[in-house]
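Spelled out from the first residue to the last, the chains are:
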Amino acid sequence: MNIVRGFILIPFIAICLIPFLKMKGKAIVVYAAVSLIAILSSYVAFEALTGQDFELTLQGSFISGNINLQVDALSAWFMLIINFAFISGGFYGLFYMNAYVDQPKNLSLHGVLFILLHTALVSLCVIQNSIAFLVAWEIMALSAFLSILFEHEKIATVRAGINYLIQSHISIIFLMIGFIWVASQTGSYDFSTIRSYSLTHSSALSLMLFLIFFIGFAIKAGFVPFHTWLPYAHPAAPAHISGIMSGVLIKIGIFGILRMLLLIDLNYTTIGSFILVISIISGIYGVMLAILQHNLKKLLAYHSIENIGIIGIGIGLGCIGLGTNNSVLCSLGFAGALFHTLNHSLFKSLLFYTAGNVYHATHTLDIEKLGGLVKKMPQTTILFLIAALAISGLPPFNGFISEFILYTGMLSWMHNAFMVSLLGIVFTITGLVLIGGLAMMCFTKAFGVVFLGNPRHSFHHEVKEVPFLQLLPLYAIAAFIIFIGLFPKIFLDLLIKPVQLFTNLHQLPFISFRGNGIEALLSISRGSWYLILLVLLLLGVRKLVLRKRTITVSSTWNCGYTVPTAKIQYTASSFVKTYSKLFDVFFLIFKKEKEVQGVFPTDAHLETRPYDKLEKWLIDYPTTNFKLFLDRFRFFQNGKLQFYILYGIIFIIAIISIPLIYDQIIMFIEFLKQL
Amino acid sequence: MLSIILIILAATFFTGIIIRTKSIASGRKGPGIFQPIKDVIRLFKKGAVYSETTSFVFRIAPTIYFSSVFVAMLVVPFGQSKGLISFNGDFIFFAYVLGLGKFFSIIGAMDTGSSFEGMGASREALYSMFAEPAFFILMGSLALLTGHTSFQEIFSTLHLGSSISYALAVLAAFVFLMIAMIENSRMPLDDPKTHLELTMVHEVMILDNSGFDLGLILTAGYLKFAIYGAIIFNLFSGTISYEYAIPLFFVMQVFLAFLVGMIESFMARFRMNHNAQFIVVLSSVSLLIFFGALMVSGKFI
C-alpha cells in the first residue's frame, strides 16, 4: 500500500513543483522523480520476476468498482524495460534539451509530460481494471501527443502530432468497445471477468473479442497496416522522446496483446497463424520502406515497424506452440518475443539518441546532406555502429540472440510439423532471413552515408561532438547491448517466469529452457568470444606489422582522376537505386525531375519523395472520400445562431422523446399480441 | 579441429587451381598453384596507402571481415569430427557471422567516399540479401530430412539411400557451389578479372585496400572457397572413415576448383541487372529441395 501511495505521490509533488523552479531545478526534479518512480517500481518488478507477485486492491469509485493492481512476471518484464528506457532517456534528454533553454514554459510542460508518460506507462502494466486502464491509457496517449509537439512552431510537427492523436484515439475506441462488451455482459470492470467471460462463451465470440483488442493494441504497436502514424510521429518528436516512443511506448501495445492472450481463452493455433502472417508482412514491409527513406529518424521509425514484426513472429510462434501443445515451440516463441522486446528497446533508443546527436550537431536529419561525421563525431559514430550491428541481428550483439531463439523455435517445430505448417515455417524463416538481409542493407546505407566518406554539405556552423555527459547514457546502453550479446543466458533465465505464464495456460510442462536447444546460447557466447579475441589479436598483429612499414596517405582511387569532390560519392538514393527499381511494385515514389537539355545545359534537378502505398490506400483514399461525403452536409453549418439553437433543441427533444416513443411502440406491440 | 586444418590446407591451393585451370583452358601455361598464397605473403610484407578520406572504420574493416570468415570456419565439421564450435542451429550462426563480415566490408568500402566503391558496396548488399534465403531454405530442408539442426549431425546422418536423395544432394551441391560463387563474387555474377570498375562487384570494393589489409581480404576469400568446398564434401561424405575421407576431401576440393575454373573459362558474366533474378532462382532450387525433403520424409500431405 505504501509503495502505491509513494508511486502516486512522487509524480504529483514533482508536477506541482516544476513550474515554480529555475531551469536547473526543473531538470533535477524531473530526473529525480523519474528515478524514484523507476526505483520503486523496479523493486516490485524484481520481486515479481523472482517469484513474489505483487497484488493489491484499491478502493475505487462506485462506477469502476474495486481496482485491482497486480504485478506478475509479464508486467515486471515490461516495467523493467520501461524504467531502463526512462532512466537512460531522461538523462540524455536533460542534455538534449539544453539547446532549448530559452523556452522555460515549454520546458516545464515537457518535464511534466515526461513524468506523466512514465507514470502512465508503468501503471498500464499494473492496473487490472478496465476503466482505470483506459484512463491511464489516455494519459499516456495525451502526454505522448504533447511531448511530440515540443517543436510546435514547425507545421510538420503539428501535423504529425494530430495524426498521432487521431490514430491513438481510434486505438482507444477499439479498446473501449472491447472493455464495454465484457463489462456489459458481466457487470464488472475487473480484468478477471474477461477471462471468465471467454471461458463461458463460444470460441467465435472470444475470437471476435480478441480481434477487437488486437486492433486496438496493434495500432499502438504499429503492426502493418496500422502503422501509418509511426513514421510521422517519431521524426517530429525530440530525440529522447522518439527513443522512448520507439523503445517502450509502442511496446505497451505488445504488452496489451500478450495480456489479452493470457486473459482470453482462444483457439491459439488460429490466432497464432493470424499473428504470424501479419507480423511477417509488418517485418518485411517495414524494412522495405525503411531502405527508401532519406530522413534518418523516419528510417528508424520504419525499422520499429520491422522489429514489431519480429516480436510478433515470436508471439505468433508461441501461440501456435500453445495451440498444438508443443511446449518447446511455445516457450521459445514467447521467450524470443519478450527477449526481442528488450533488445529492440535498447538498440532502437540508442539509434534515436545518436540520431539526436547528429541533429544536435548539424540541425538536419536529411541523409543526403550529411556525410563524413566520423571525423567530427567519432564517439557518436561508434555508438551508432554498435546499434546498427545489433539491429541487423549480427553476432556478437543482442539482436542475434533473440532472432536465434526464434530460429531455434522454428527448427524444433519442424520435426513434428506437417505439410501446411512446414510451408508456414519455410516462409517464416525466409521472412526472417529477408528482414535480416534488408536491415543490413538499410543500415550499411544509413551508417555509410551519414558517418563515412566526405561531408556532402557545408554547414555554416561548427559541427562538433556532443558533451560527454550526454553520451554517458548512450555508452551505458551500448554496454548493455554487448553484455546481452555475450552473456545471454542470464537474461534468458529471467524470462522463465514470464514464459511460464503462457505455458501454464495449457498446463504445458516447462520449468526452464534447459533441453530446449538453448544450450546453443553458451556455444554462441563462446563463438562470440572467439570472434572478439581474434579481432583483437589480428589488430595487434596488424599494428605490429605496420609499425615497421611505410604508411602513405593519399587521395581515394578515382580511376586516375585526382581532384575528387564530395559530390562524386555514392548517395543514399544511388546506394538503393537497383533495389528500388527491383521492387518497384511495392513502392510509391513521387518524382520531380528536370532533365538536362540542350547544347548548353542549364540547371537540372531530381527530387524523389518516397511515400507509403498502404497509407495511400488505407488512410488517404478513405479520408478523402469521407470528406467528400461529409461536405454534402455542409449546409448544416451555416453560421447562423438561430439554426444552432434549433439543432440543440431538436437534439434535446429527440433524446427525451426517443425512449418514450420506444416504450409506446413496445406497449403497442404487446397490445397487438394480446389481441 | 580436423576440419580447420583441412580447410586451411585446401585454401592454400583452391584459388591457385582455379587460376591454373583458366590459364590452361585459354592456352597459357599459367602460374603455379601456390601463387595466390605467395601473393598474400608478399602483401603482408608491404606497407600501406590510405586515402585521406578514410577513418578508423576503413582500417578495422578488413580485420573484422577476415575474423568473421575464420570464425565461420570453426563451425564447419569434417565428416564425423565436429567443428571447434558445434551446437544446434550452428548454421544460423555461420550465416550471421559471415553477415557481420559483409557488413564491415560494405561500410569499409563506403568509407573511402569513392563512387566506384559505393557502387560495389550497393551491389554486394543487394546480392547477399538475396543469397541468404537460399542458404536457409536449403539448410532447413536438410534439417527436416535428418531431424537434426547442427552441421555435423545433419551431415553425418544424411544417408543417401534412395535415388531421390541423390538428386537432392546434387541439387544441394549446386546451390552451395552457387552460393560460394556469390559469396566470393565469381563468374556468373562478377568477373574478378574485369578491367572496368563499373562492372565490378567485389573487386571494386577493395580498390583502396593495400598491404596487410588487402592480404587479409584475399586470404578470407580463399578460406571462403575452401569452407564451401568442405560443406559440399560433407554432403557426400556420410560416415566414411578418415583414411578414405581425407584424400577424398582433397580430391573433391581440387575437383570443385577445377569446376569453378571451367565455369569461368567458358561462361560469360551475366548482365548486372540479371544477377538478382539469377539469385532468386537459387532460392527456388532450394524450395525444390525442400519439397524433395518433404517427399522423402513422407510429410507430403
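Note: the structure precedes this text.
Residues numbered from 1 in each chain as written. Chains lettered and ligands numbered in written order. Predicted model: local features only at pLDDT ≥ 70, side-chain atom pairs only at ≥ 80, totals over all residues.

Engineer: Tell me about the overall build of chain A, and please be specific about residues and values.
Structural biologist: Along the backbone of chain A there are 26 helices and five strands. For a compact globule of 675 residues, the expected C-alpha radius of gyration is about 26 Å, and chain A comes in at 27 Å, within 12% of that figure. Reported as C-alpha extents along the three principal axes, the dimensions of chain A are approximately 110 × 70 × 60 Å. Taking the contacts inside chain A whose residues are at least 6 apart along the sequence as the reference set, 79% of them involve residues at least 24 apart. (Helix = DSSP H or I, 4+ residues; strand = E, 2+ residues; numbered from the N terminus. Rg over C-alpha atoms; globule rule 2.2 N^0.38 Å. Contact = placed C-beta atoms within 7 Å.)

Engineer: Talk me through the overall build of chain B; I want residue IDs and the actual numbers.
Structural biologist: If you tally the helices and strands in chain B, you get 11 helices and one strand. Reading the secondary structure of chain B in the N-to-C direction produces α-α-β-α-α-α-α-α-α-α-α-α. Taking 301 residues into account, the globule formula puts the C-alpha radius of gyration at 19 Å, and chain B, at 19 Å, falls close to it. Overall, chain B is about 60 × 40 × 40 Å in size when its C-alpha atoms are taken along their principal axes. The proportion of buried residues among the 301 residues of chain B is 61%. Within chain B, contacts between residues at least 6 apart in sequence are counted, and of these 78% link residues at least 24 apart. (Buried ≥ 20, exposed ≤ 12 C-beta atoms within 10 Å, placed from the backbone.)

Engineer: If you had to explain the environment of leucine 207 of chain B to someone new, which residues and values would you point to?
Structural biologist: Structurally, leucine 207 of chain B is set in the loop between helix H8 (202-205) and helix H9 (211-237). Overall, leucine 207 of chain B belongs to the buried group, with 21 C-beta atoms counted inside 10 Å. Between the C-alpha atoms of leucine 207 of chain B and serine 114 of chain B, which are 93 residues apart in sequence, the distance is 9.6 Å. If sequence neighbours within four positions are ignored, leucine 207 of chain B has contacts with Trp557 of chain A together with Ser114, Phe116 and Glu117 of chain B.

Engineer: Outline the interface of chain A and chain B, supporting the account with residue identities and numerical values.
Structural biologist: With 67 residues of chain A at the contact, the number on the chain B side is 68 residues. Elements with a minimum of two residues in the side of chain A that touches chain B: helix H15 (373-376), helix H17 (398-414), helix H18 (419-451), helix H22 (520-547), strand S3 (551-554), helix H23 (572-575) and helix H24 (577-582) of chain A. In terms of residue class, the side of chain A that touches chain B is built from 40 nonpolar, 22 polar and five charged. As paired elements, S3 of chain A and strand S1 (residues 48-51) of chain B share four bridges and run parallel to each other. In the sheet register, threonine 552 of chain A faces S1 of chain B, and the bridge partner there is valine 49 of chain B. (Nonpolar A, V, L, I, M, F, W, Y, C, P; charged D, E, K, R; others polar. Pairing = 2+ DSSP bridges.)

Engineer: Describe in detail the packing of helix H14 (residues 327-362) of chain A against helix H16 (residues 378-391) of chain A, supporting the description with residues and values.
Structural biologist: Residue and element names in this part refer to chain A. Between H14 and H16, whose axes approach to 9 Å, the crossing angle comes to 150 degrees. The two elements H14 and H16 cross, and the hand of that crossing is left-handed. Between H14, through Phe347, Lys348, Leu350, Leu351, Thr354, Asn357 and Val358, and H16, the contact on the second element is made entirely by Thr380, Leu383, Phe384, Ala387, Ala390 and Ile391. For the contact of H14 with H16, the residue count by class is nine nonpolar, three polar and one charged. (Axes fitted to C-alpha atoms, helices over the stretch in contact; angles between N-to-C directions. Left-handed = near helix turned anticlockwise from the far one by under 90°.)

Engineer: Quick one: what's the story with helix H26 (residues 641-674) of chain A, residue by residue and with numbers?
Structural biologist: An α-helical segment advances 3.6 residues per turn. Residues three or four places apart therefore align on the same side. All names here are of chain A. Taking 1.5 Å of rise per residue, 34 residues should cover 50 Å, and H26 covers 49 Å from first to last C-alpha, within 8% of that figure. At serine 657, H26 shows its strongest bend, of approximately 30 degrees, with the proline proline 659 following within four residues. Little of H26 sits out of view: just zero of its 34 residues are buried. (Expected span 1.5 Å × (residues − 1). Bend = angle between axes of the 7 residues up to and from the residue.)

Engineer: Lay out the packing of helix H7 (residues 163-183) of chain B against helix H11 (residues 272-296) of chain B with the relevant residues and their values.
Structural biologist: Residues and elements named next belong to chain B. The geometry of H7 relative to H11 is characterised by a closest axis approach of 10 Å and an angle of 155 degrees between their N-to-C directions. Classified by the angle between their axes, H7 and H11 sit roughly antiparallel to one another. Here the hand of the crossing between H7 and H11 comes out left-handed. In contact with Ile164, Ser165, Ala167, Leu168, Leu171, Ala172, Phe174, Val175, Met178 and Ile182 of H7, H11 contributes Ile279, Leu282, Val285, Ser286, Leu288, Ile289, Gly292, Ala293, Met295 and Val296. Each residue belonging to the contact of H7 with H11 can be placed in one class, and the counts come to 17 nonpolar, three polar and no charged. (Parallel < 35°, antiparallel > 145°, perpendicular 65-115°, else oblique.)

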